[in-house]
Amino acid sequence: MLVVWSVVVVALGATLVHHLLAGRRPGWRRRRVERLGLVARLPGTAASAGGLLPDALVERVGLRLARRQAGASAGALVGALLTLVLLARGSDLDRRGAVVEGSASTFPEFAVDLSLLPLLGVFLVLVGQAAGALVVVAREALAPPVEGARRLARPTSPVLADYVPRLDTAVVRLLSLAPLVVVLALGAASLALPRVLPRGYATLVVFAGVAAAAWLVTEWLCRRVLARRQPAGSSLELAWDDVLRARALRDLVPLPLMLAAFACGLTPFAVLGGEPGRGLLAAGAAFGTVLVLLGLLLTLLVSLVVQPSERYVRARLWPLPADPAGADPAMATSVAP
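Keep in mind the model is a prediction, meaning the values are calculated, not measured.

> Honestly, the environment of Leu 238 in this entry has me stumped. Any pointers?
By secondary structure assignment, the location of Leu 238 is in helix α7 (residues 235-251). Leu 238 sits in the buried class, given a relative accessible area of 4%. Remark: the alpha-carbon pair of Leu 238 and Trp 318, spanning 80 residues in sequence, is separated by 9.8 Å.

Shown next as structure tokens:
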């Protein structure tokens, strides 16, 4: 298994180097902008759009896309390296009953088979990828505004619902707070029933707190992204910035969702780890947690597939004209500042 994950680390490292080098090439950036333009129904490059899209705008949009892809690749590499370290530390332990963290005294109530480490590695790679994208978005959101840049005045200021459907926002918040609900439910049950509090309750509280903290950070970053100025000299530039803003808000979602899913996944182990005679409570908590989690995730995935964030913001803030032969305001080359 060490050899397999060593190959994975090398492959992810090569992918990161490729993204860093490819992001410097104008042709690669132009192709990325073209793909995004097809999804959002915006013009891609200056050549394909008949000169409507300035080359400087293509370069700026392509650079932001390259940064986010490189950040996600770097985070995935960090997750794979952490998995390799855990495998190296756990290789000298007993194959049965070894603790994932590599120490039998860390979380003894969640002792698992060492063979589950590869599954944890996949989770760490995905979490690292989400964290890398979040860091790039946070850097853009916290960067100082461009002074002296031209800006277009909107009739009204966009809100979160203009970039993310209300259903998606509600589902993300419910999923992020689900571990806290489980913790509170187990705590309430311990008050009603004697000796019902599981041995893994303290550890479950820690992971639920981490998931809730990640959600609070993403909520704060969402406000920062929405409050950031949008320098644009034309309605076309403003439309592209709206599309990138929608993608940035979408990139903030995976990290708290995966942490919450991991915390909810620990619930059956926490409930099962304790005195006998609580089989009904254990089965009910495990089945209910998994069922609710899968239902909410399925709802979110269906919403994202049916209406991607790029297309949603395009229809919300830059609707297509009713007359197919009419001029699209988002395609205008310039407007009055």
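> Can you walk me through α7 in this structure?
Because each turn of an α-helix spans 3.6 residues, side chains separated by three or four positions in sequence point in the same direction. The end-to-end C-alpha distance of α7 is 24 Å, a good match for the 24 Å that 17 residues give at a rise of 1.5 Å each. Here α7 lies mainly inside the structure; 16 of its 17 residues are buried.

> Explain the confidence of the model for the chain to me, please; I cannot follow it from the model alone.
Atomic detail in the predicted coordinates should be set aside for any region of low pLDDT. Mean pLDDT for the chain: 75, with 70% of residues reaching 70 or above. By mean pLDDT, helix α9 (residues 267-272) is the weakest element of the chain at 62, and helix α1 (residues 2-22) is the strongest at 89. Scored below 50 in pLDDT, residues 94-112 shows 35 contacts in the model against residues more than four places distant or in partner chains. Note on residues 322-337: pLDDT under 50 across the span, and 34 contacts to partners over four residues away in sequence or across chains.

> Could you clarify how one ought to interpret the nonpolar core in this entry?
Among the nonpolar cores identified, the biggest contains 54 residues, and Val 61, Tyr 163, Trp 240, Leu 249 and Leu 252 are the most heavily contacted of them. Secondary-structure elements contributing two or more residues to this core are α1, α2 (26-40), α3 (55-90), α4 (117-142), α6 (201-227), α7 and α8 (254-265). Ranked by residue count, the leading element in this core is α4, at 11 residues. Those residues in contact with Tyr 163, other than ones at most four positions away along the chain, are Arg 154, Pro 158, Leu 226, Gln 230, Asp 242, Arg 245, Ala 246, Leu 249, Ser 309, Tyr 312, Val 313 and Leu 317. Counting residues in each nonpolar core, the second largest holds nine residues, with Leu 175, Leu 257, Cys 264 and Leu 296 among its members.

> I'm lost on the packing of α4 against α6 in this one. Help?
Each packed pair of helices is defined by two parameters, the angle between the axes and the distance between the axes. One can describe the packing of α4 onto α6 by two numbers: an axis separation of 9 Å at closest approach and a directional angle of 45°. With respect to α6, the element α4 is oriented oblique. The interaxial crossing formed by α4 with α6 has left-handed handedness. Residues Leu 134, Val 137, Ala 138, Ala 141 and Leu 142 of α4 pack against Thr 218, Trp 220, Leu 221, Arg 224 and Val 225 of α6. When the residues that make up the contact of α4 with α6 are grouped by side-chain class, the tally is eight nonpolar, one polar and one charged.

> How do you make sense of the pattern of salt bridges when you look at a structure like this?
Note that side chains of opposite charge can pair when their charged atoms are close. Taken as a whole and judged by the stated rule, the model has 11 salt bridges. The partner of Asp 241 in a salt bridge is Arg 64, with the nearest N and O atoms 3.2 Å apart. Pair noted here: Asp 241 is in helix α7 and Arg 64 is in helix α3, with a separation of 177 residues, a long-range link. In this structure, Asp 251 and Arg 250 form a salt bridge, with 3.8 Å as the shortest nitrogen-oxygen distance. Through salt bridges with shared partners, a single ionic network connects Arg 64, Arg 68, Glu 140 and Asp 241.

> It is not clear to me how a nonpolar patch on the surface should be interpreted in this structure. Could you clarify?
There is a patch of nonpolar side chains on the surface, built from Leu 298, Val 302 and Val 306 and spanning about 300 Å² of accessible area. Within the secondary structure, Leu 298 is located in helix α10 (residues 279-306).

Reading guide: rules and limits
Residues numbered from 1 in each chain as written. Predicted model: local features only at pLDDT ≥ 70, side-chain atom pairs only at ≥ 80, totals over all residues. Heavy atoms only, no water. Helix = DSSP H or I, 4+ residues; strand = E, 2+ residues; numbered from the N terminus. Buried < 20%, exposed > 50% of the residue type's maximum accessible area, 1.4 Å probe, protein only. Expected span 1.5 Å × (residues − 1). pLDDT = per-residue confidence, 0-100. Contact = heavy atoms within 4.5 Å. Core = buried A, V, L, I, M, F, W, Y, C linked by side-chain atoms within 4.5 Å. Axes fitted to C-alpha atoms, helices over the stretch in contact; angles between N-to-C directions. Parallel < 35°, antiparallel > 145°, perpendicular 65-115°, else oblique. Left-handed = near helix turned anticlockwise from the far one by under 90°. Nonpolar A, V, L, I, M, F, W, Y, C, P; charged D, E, K, R; others polar. Salt bridge = Lys/Arg side-chain N within 4 Å of Asp/Glu carboxyl O. Patch = residues over 30% accessible without salt bridge, like charges linked within 9 Å, V, L, I, M, F, W, Y side chains within 5 Å. Areas by Shrake-Rupley, 256 points an atom, 1.4 Å probe, with all protein chains shown as cover.

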